[in-house]
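# Examination of the molecular architecture
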Amino acid sequence: MKQISGSEALQILAQNGPECMIASDTLGYLLKNKESVPCYWDDTCIIFIDQSTETDLVTVVPLAHTFDSKALVNILNQGKVNSGVLIDTQKLSEAFLSSLDLELRDFLKYERTFEDLMYPSKEPIDCAFDNVRLLDSEDIELFATVSSESIVDRPPLRMLFDVFVTKEQGFILGAFDEGQIVGYLSFFQMLPGVFDVDYIYITPSKRGLGIGTALGNAYIKYAQDKNHIAYWSNAQNDASKSTALSCGFQVIRQARKYIKD
(Lines give C-alpha, C1' and ligand atoms only; values in the text may rest on other atoms or scores of the structure.)
Protein backbone atom coordinates (compact mmCIF):
# COMPACT_ATOMS: atom_id res chain seq x y z
CA MET A 1 0.00 0.00 0.00
CA LYS A 2 1.09 3.56 -0.64
CA GLN A 3 1.48 5.99 2.26
CA ILE A 4 -0.44 9.22 1.63
CA SER A 5 -1.19 12.43 3.51
CA GLY A 6 -4.15 12.81 5.85
CA SER A 7 -5.73 15.39 3.54
CA GLU A 8 -5.47 12.99 0.58
CA ALA A 9 -7.07 10.21 2.62
CA LEU A 10 -9.85 12.54 3.73
CA GLN A 11 -10.57 13.51 0.14
CA ILE A 12 -10.81 9.86 -0.94
CA LEU A 13 -13.16 9.05 1.95
CA ALA A 14 -15.36 12.04 1.08
CA GLN A 15 -15.73 10.68 -2.46
CA ASN A 16 -17.00 7.30 -1.27
CA GLY A 17 -20.39 8.26 0.09
CA PRO A 18 -22.30 7.97 3.36
CA GLU A 19 -20.72 4.65 4.34
CA CYS A 20 -17.48 6.54 5.01
CA MET A 21 -18.98 9.34 7.13
CA ILE A 22 -17.72 8.06 10.47
CA ALA A 23 -14.21 7.47 9.14
CA SER A 24 -14.24 10.95 7.56
CA ASP A 25 -15.40 12.51 10.82
CA THR A 26 -12.74 10.69 12.86
CA LEU A 27 -9.88 11.49 10.49
CA GLY A 28 -11.05 15.09 10.08
CA TYR A 29 -11.12 15.55 13.86
CA LEU A 30 -7.58 14.21 14.23
CA LEU A 31 -6.24 16.43 11.47
CA LYS A 32 -8.06 19.47 12.88
CA ASN A 33 -6.31 18.83 16.19
CA LYS A 34 -2.97 18.61 14.36
CA GLU A 35 -2.41 14.96 15.23
CA SER A 36 0.12 13.01 13.18
CA VAL A 37 -1.96 10.40 11.36
CA PRO A 38 -0.19 7.77 9.20
CA CYS A 39 -2.46 6.97 6.23
CA TYR A 40 -2.21 4.22 3.63
CA TRP A 41 -4.13 3.67 0.41
CA ASP A 42 -4.60 1.45 -2.60
CA ASP A 43 -7.59 1.00 -4.91
CA THR A 44 -9.29 -1.39 -2.48
CA CYS A 45 -8.76 0.20 0.93
CA ILE A 46 -7.79 3.14 3.13
CA ILE A 47 -6.05 2.58 6.47
CA PHE A 48 -5.28 5.31 9.00
CA ILE A 49 -3.85 5.17 12.51
CA ASP A 50 -4.97 7.26 15.47
CA GLN A 51 -1.84 7.60 17.63
CA SER A 52 -3.30 10.16 20.04
CA THR A 53 -3.65 7.67 22.92
CA GLU A 54 -1.43 5.03 24.50
CA THR A 55 -2.98 2.30 22.37
CA ASP A 56 -3.11 3.05 18.66
CA LEU A 57 -6.42 2.59 16.87
CA VAL A 58 -6.09 1.37 13.29
CA THR A 59 -9.15 2.13 11.15
CA VAL A 60 -9.62 0.09 7.97
CA VAL A 61 -12.09 1.33 5.36
CA PRO A 62 -12.45 -1.15 2.47
CA LEU A 63 -13.45 0.30 -0.89
CA ALA A 64 -14.10 -3.12 -2.47
CA HIS A 65 -15.21 -6.66 -1.53
CA THR A 66 -11.65 -7.61 -0.51
CA PHE A 67 -8.42 -5.84 0.36
CA ASP A 68 -4.75 -6.71 0.91
CA SER A 69 -4.91 -8.26 4.37
CA LYS A 70 -1.16 -8.96 4.36
CA ALA A 71 -0.54 -5.23 3.99
CA LEU A 72 -2.71 -4.66 7.08
CA VAL A 73 -0.74 -7.25 9.04
CA ASN A 74 2.53 -5.59 7.97
CA ILE A 75 1.26 -2.20 9.17
CA LEU A 76 0.22 -3.72 12.48
CA ASN A 77 3.62 -5.37 12.89
CA GLN A 78 5.38 -2.07 12.23
CA GLY A 79 3.54 -0.72 15.26
CA LYS A 80 4.44 -3.83 17.31
CA VAL A 81 0.73 -4.76 17.34
CA ASN A 82 -0.19 -2.66 20.35
CA SER A 83 -3.25 -1.56 18.44
CA GLY A 84 -6.96 -1.86 18.42
CA VAL A 85 -8.33 -2.41 14.93
CA LEU A 86 -11.67 -1.20 13.57
CA ILE A 87 -12.64 -2.70 10.21
CA ASP A 88 -15.67 -1.57 8.21
CA THR A 89 -17.24 -4.77 6.91
CA GLN A 90 -20.34 -3.77 4.95
CA LYS A 91 -18.60 -4.11 1.57
CA LEU A 92 -16.57 -7.22 2.36
CA SER A 93 -17.57 -10.67 1.18
CA GLU A 94 -18.31 -13.38 3.76
CA ALA A 95 -15.53 -15.55 2.38
CA PHE A 96 -12.99 -12.75 2.75
CA LEU A 97 -14.19 -11.95 6.30
CA SER A 98 -13.69 -15.58 7.31
CA SER A 99 -10.14 -15.63 5.94
CA LEU A 100 -9.40 -12.27 7.56
CA ASP A 101 -10.47 -13.57 10.97
CA LEU A 102 -8.05 -16.48 10.55
CA GLU A 103 -5.18 -14.11 9.71
CA LEU A 104 -5.83 -11.84 12.70
CA ARG A 105 -6.64 -14.40 15.37
CA ASP A 106 -3.00 -15.13 16.31
CA PHE A 107 -2.54 -11.65 17.82
CA LEU A 108 -5.98 -9.97 17.91
CA LYS A 109 -9.33 -11.03 19.30
CA TYR A 110 -12.78 -9.93 18.19
CA GLU A 111 -14.46 -7.60 20.69
CA ARG A 112 -17.74 -6.36 19.20
CA THR A 113 -19.56 -5.11 16.08
CA PHE A 114 -20.74 -1.53 15.67
CA GLU A 115 -23.74 -0.64 13.51
CA ASP A 116 -24.60 2.77 12.09
CA LEU A 117 -27.94 3.71 10.56
CA MET A 118 -29.08 6.53 8.29
CA TYR A 119 -32.48 7.83 7.23
CA PRO A 120 -32.56 7.29 3.46
CA SER A 121 -35.57 9.26 2.30
CA LYS A 122 -36.30 12.92 1.70
CA GLU A 123 -40.06 12.30 1.92
CA PRO A 124 -41.83 14.48 4.53
CA ILE A 125 -42.44 12.90 7.94
CA ASP A 126 -46.20 12.76 8.50
CA CYS A 127 -46.32 12.65 12.31
CA ALA A 128 -47.63 14.81 15.11
CA PHE A 129 -45.00 16.45 17.31
CA ASP A 130 -47.26 18.19 19.83
CA ASN A 131 -45.42 16.68 22.79
CA VAL A 132 -41.87 16.82 21.40
CA ARG A 133 -39.77 19.96 21.01
CA LEU A 134 -36.21 21.25 21.14
CA LEU A 135 -35.14 22.21 24.64
CA ASP A 136 -33.89 25.72 25.38
CA SER A 137 -32.00 27.31 28.26
CA GLU A 138 -35.15 27.62 30.39
CA ASP A 139 -35.61 23.83 30.48
CA ILE A 140 -32.55 23.04 32.59
CA GLU A 141 -34.41 22.20 35.82
CA LEU A 142 -36.98 20.04 34.07
CA PHE A 143 -34.25 18.20 32.20
CA ALA A 144 -32.20 17.63 35.35
CA THR A 145 -35.09 15.69 36.89
CA VAL A 146 -35.60 13.30 33.96
CA SER A 147 -33.65 10.58 35.76
CA SER A 148 -31.30 9.99 38.68
CA GLU A 149 -30.10 6.78 37.01
CA SER A 150 -26.33 6.50 36.62
CA ILE A 151 -25.48 5.29 33.12
CA VAL A 152 -21.98 4.04 32.29
CA ASP A 153 -19.98 6.40 30.06
CA ARG A 154 -22.72 9.04 30.11
CA PRO A 155 -22.31 12.53 31.62
CA PRO A 156 -24.65 13.85 34.34
CA LEU A 157 -27.76 15.45 32.85
CA ARG A 158 -26.77 18.96 33.89
CA MET A 159 -23.40 18.58 32.17
CA LEU A 160 -25.04 17.23 29.01
CA PHE A 161 -27.49 20.15 29.00
CA ASP A 162 -24.70 22.66 29.54
CA VAL A 163 -22.65 21.35 26.61
CA PHE A 164 -25.47 20.74 24.16
CA VAL A 165 -27.91 23.56 24.94
CA THR A 166 -26.21 26.29 26.98
CA LYS A 167 -22.95 26.15 25.01
CA GLU A 168 -24.84 25.34 21.79
CA GLN A 169 -22.61 22.42 20.83
CA GLY A 170 -25.61 20.23 20.00
CA PHE A 171 -29.35 19.89 20.41
CA ILE A 172 -31.72 18.05 22.74
CA LEU A 173 -35.26 17.05 21.81
CA GLY A 174 -37.51 16.52 24.82
CA ALA A 175 -40.71 14.45 24.99
CA PHE A 176 -43.25 15.90 27.42
CA ASP A 177 -46.08 14.34 29.41
CA GLU A 178 -48.17 16.51 31.74
CA GLY A 179 -45.48 19.16 31.83
CA GLN A 180 -42.63 16.76 32.64
CA ILE A 181 -39.86 15.56 30.35
CA VAL A 182 -40.21 11.78 30.02
CA GLY A 183 -37.61 11.16 27.34
CA TYR A 184 -34.96 12.90 25.27
CA LEU A 185 -32.85 12.51 22.16
CA SER A 186 -29.58 14.43 22.01
CA PHE A 187 -27.84 15.03 18.68
CA PHE A 188 -25.12 17.18 17.13
CA GLN A 189 -23.66 18.22 13.79
CA MET A 190 -21.15 15.54 12.88
CA LEU A 191 -20.15 16.88 9.45
CA PRO A 192 -21.37 19.75 7.26
CA GLY A 193 -24.89 18.72 6.27
CA VAL A 194 -24.98 15.73 8.63
CA PHE A 195 -26.54 15.38 12.10
CA ASP A 196 -25.77 12.38 14.32
CA VAL A 197 -27.57 10.98 17.37
CA ASP A 198 -25.68 11.19 20.64
CA TYR A 199 -28.14 9.33 22.89
CA ILE A 200 -31.80 8.49 23.35
CA TYR A 201 -33.39 7.87 26.75
CA ILE A 202 -36.96 7.17 27.92
CA THR A 203 -37.92 7.00 31.59
CA PRO A 204 -38.60 3.35 32.50
CA SER A 205 -42.30 3.85 33.32
CA LYS A 206 -42.92 5.35 29.85
CA ARG A 207 -41.14 2.79 27.72
CA GLY A 208 -43.11 0.85 25.13
CA LEU A 209 -45.52 3.73 24.49
CA GLY A 210 -44.00 5.01 21.24
CA ILE A 211 -42.10 7.93 22.80
CA GLY A 212 -38.78 6.81 21.32
CA THR A 213 -40.32 6.65 17.86
CA ALA A 214 -41.81 10.13 18.29
CA LEU A 215 -38.39 11.48 19.26
CA GLY A 216 -36.75 9.73 16.31
CA ASN A 217 -39.32 11.11 13.88
CA ALA A 218 -38.90 14.62 15.30
CA TYR A 219 -35.14 14.25 14.80
CA ILE A 220 -35.66 13.28 11.15
CA LYS A 221 -38.03 16.21 10.63
CA TYR A 222 -35.56 18.68 12.15
CA ALA A 223 -32.74 17.31 9.97
CA GLN A 224 -34.87 17.55 6.84
CA ASP A 225 -35.93 21.12 7.67
CA LYS A 226 -32.23 22.02 7.87
CA ASN A 227 -31.39 20.08 4.67
CA HIS A 228 -29.23 17.71 6.72
CA ILE A 229 -28.80 13.94 6.63
CA ALA A 230 -30.13 12.21 9.75
CA TYR A 231 -27.50 9.72 10.91
CA TRP A 232 -27.74 7.32 13.89
CA SER A 233 -24.25 6.04 14.64
CA ASN A 234 -23.25 3.17 16.92
CA ALA A 235 -26.65 2.07 18.21
CA GLN A 236 -25.73 1.19 21.81
CA ASN A 237 -28.25 -1.62 22.29
CA ASP A 238 -31.14 -3.48 20.66
CA ALA A 239 -33.68 -0.94 21.95
CA SER A 240 -31.84 1.94 20.30
CA LYS A 241 -31.51 0.04 17.02
CA SER A 242 -35.19 -1.00 17.11
CA THR A 243 -36.25 2.61 17.65
CA ALA A 244 -34.16 3.75 14.69
CA LEU A 245 -35.57 0.99 12.46
CA SER A 246 -39.14 1.83 13.52
CA CYS A 247 -38.55 5.38 12.25
CA GLY A 248 -37.32 4.16 8.86
CA PHE A 249 -33.56 4.31 9.41
CA GLN A 250 -31.52 1.69 7.55
CA VAL A 251 -28.23 0.05 8.51
CA ILE A 252 -25.55 1.67 6.37
CA ARG A 253 -22.32 0.64 8.10
CA GLN A 254 -21.05 -2.26 10.15
CA ALA A 255 -17.62 -2.32 11.76
CA ARG A 256 -15.81 -5.04 13.68
CA LYS A 257 -13.57 -4.05 16.60
CA TYR A 258 -10.53 -6.21 17.35
CA ILE A 259 -8.25 -5.75 20.34
CA LYS A 260 -4.84 -7.07 21.34
CA ASP A 261 -5.09 -10.68 22.51
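These figures come from a predicted structure and were not determined experimentally. (Residues numbered from 1 in each chain as written. Predicted model: local features only at pLDDT ≥ 70, side-chain atom pairs only at ≥ 80, totals over all residues. Heavy atoms only, no water.)

## Let's talk about the sheet that holds strand β6 (residues 108-118)
Selection rule: Each pair of strands is called paired provided DSSP finds at least two bridges between the two strands. Elements are defined by DSSP. Helices are runs of H or I of four residues or more, strands are runs of E of two residues or more, and each kind is numbered from the N terminus. All axes here are fitted lines through C-alpha atoms, helices being fitted over the stretch that makes contact, and every angle between N-to-C directions spans 0 to 180 degrees. We call two residues contacting when some pair of their heavy atoms lies within 4.5 Å.
Strand order in the open sheet made by the twelve strands is β1-β2-β3-β4-β5-β12-β6-β11-β10-β9-β8-β7, with mixed pairing throughout. Each end of this open sheet is capped by a strand with a single partner; those strands are β1 (2-4) and β7 (132-134). With strand direction ignored, the average angle separating the axes of adjacent strands in the sheet is 25°. As paired strands, β7 and strand β8 (residues 171-177) are joined by three bridges and run antiparallel to one another. Residue pairing in the sheet places Leu134 in a bridge with Leu173 of β8. Across the sheet, helix α2 (residues 21-32) lies against β2 (39-42), β3 (45-50), β4 (57-62), β6, β9 (180-191), β10 (194-202), β11 (229-232) and β12 (250-260), angled at about 70° from β9, the strand it touches most. Set on the sheet, helix α6 (residues 157-166) makes contact with β8, β9 and β10; between it and β9 the angle comes to about 45°.

## Quick look at α6
Applied cut-off: Here's how the labels work: a residue is buried when its accessible area is under 20% of the maximum for its type, exposed when over 50%, partly exposed in between, all with a 1.4 Å probe on protein chains only. This arc is taken over the directions from the axis of the helix to the C-beta atoms.
Among all positions of α6, only Leu157, Leu160, Phe161, Phe164 and Val165 are buried. Taken down its axis, α6 places every buried residue within 95° of arc, on the same side. Where α6 ends, the next residue or the one after it, Glu168, has phi of about 55°, a positive value.

## Quick look at helix α3 (residues 69-78)
Threshold: Whenever a nitrogen or oxygen atom comes within 3.5 Å of another N or O atom, the pair is scored as a polar contact, on the condition that within protein one atom can donate a hydrogen and the other can accept it, and that pairs from neighbouring residues in sequence are kept only if both atoms are in side chains.
Those residues of α3 not exposed but buried are Ser69, Ala71, Leu72, Val73, Ile75 and Leu76. The backbone nitrogen of Lys70 lies 3.2 Å from a side-chain oxygen of the residue at the head of α3, namely Asp68.

## What about the nonpolar core?
Worth spelling out the cut-off: Among buried residues, the Ala, Val, Leu, Ile, Met, Phe, Trp, Tyr and Cys ones that are joined through side-chain atoms within 4.5 Å form a nonpolar core.
Ranked by internal contacts, the top residues of the largest apolar core, which has 26 residues, are Leu185, Leu215, Tyr219, Trp232 and Phe249. Secondary-structure elements contributing two or more residues to this core are β8, β9, β10, α7 (211-225) and β11. Broken down by element, this core gets its largest block of residues, seven residues, from α7. Counting 21 residues, the second-largest nonpolar core is a separate cluster that includes Phe67, Leu76, Ile87 and Leu97.

## Description of the pattern of salt bridges
Rule in force here: When a carboxyl oxygen of Asp or Glu is within 4 Å of a side-chain nitrogen of Lys or Arg, the pair counts as a salt bridge.
Considering all chains together, one arrives at twelve salt bridges under this definition. The shortest N-O distance in the salt bridge between Glu111 and Lys257 comes to 3.7 Å. Taken as a pair, Glu111 in strand β6 and Lys257 in strand β12 lie far apart in primary sequence, 146 residues in all. On the accessibility criterion, Glu111 (41% relative accessible area) is partly exposed.

## A short note on the packing of α3 against helix α4 (residues 94-104)
As a reminder of what qualifies: Comment on the angle field: the value is read as roughly parallel under 35 degrees, roughly antiparallel over 145, roughly perpendicular from 65 to 115, and oblique elsewhere. Left-handed describes a crossing in which the near helix is turned anticlockwise from the far one by less than a right angle; the clockwise case is right-handed. Side-chain classes follow a simple rule in which Ala, Val, Leu, Ile, Met, Phe, Trp, Tyr, Cys and Pro form the nonpolar group, Asp, Glu, Lys and Arg form the charged group, and the remainder, Gly included, forms the polar group.
The geometry of α3 relative to α4 is characterised by a closest axis approach of 11 Å and an angle of 30° between their N-to-C directions. Here α3 is positioned roughly parallel relative to α4, judged by the angle of their axes. When the axes of α3 and α4 are compared, the crossing they make is right-handed. On α4, the residues that touch Ser69, Lys70, Leu72, Val73 and Leu76 of α3 are Phe96, Leu100, Glu103 and Leu104. Split into classes, the residues belonging to the contact of α3 with α4 amount to six nonpolar, one polar and two charged.

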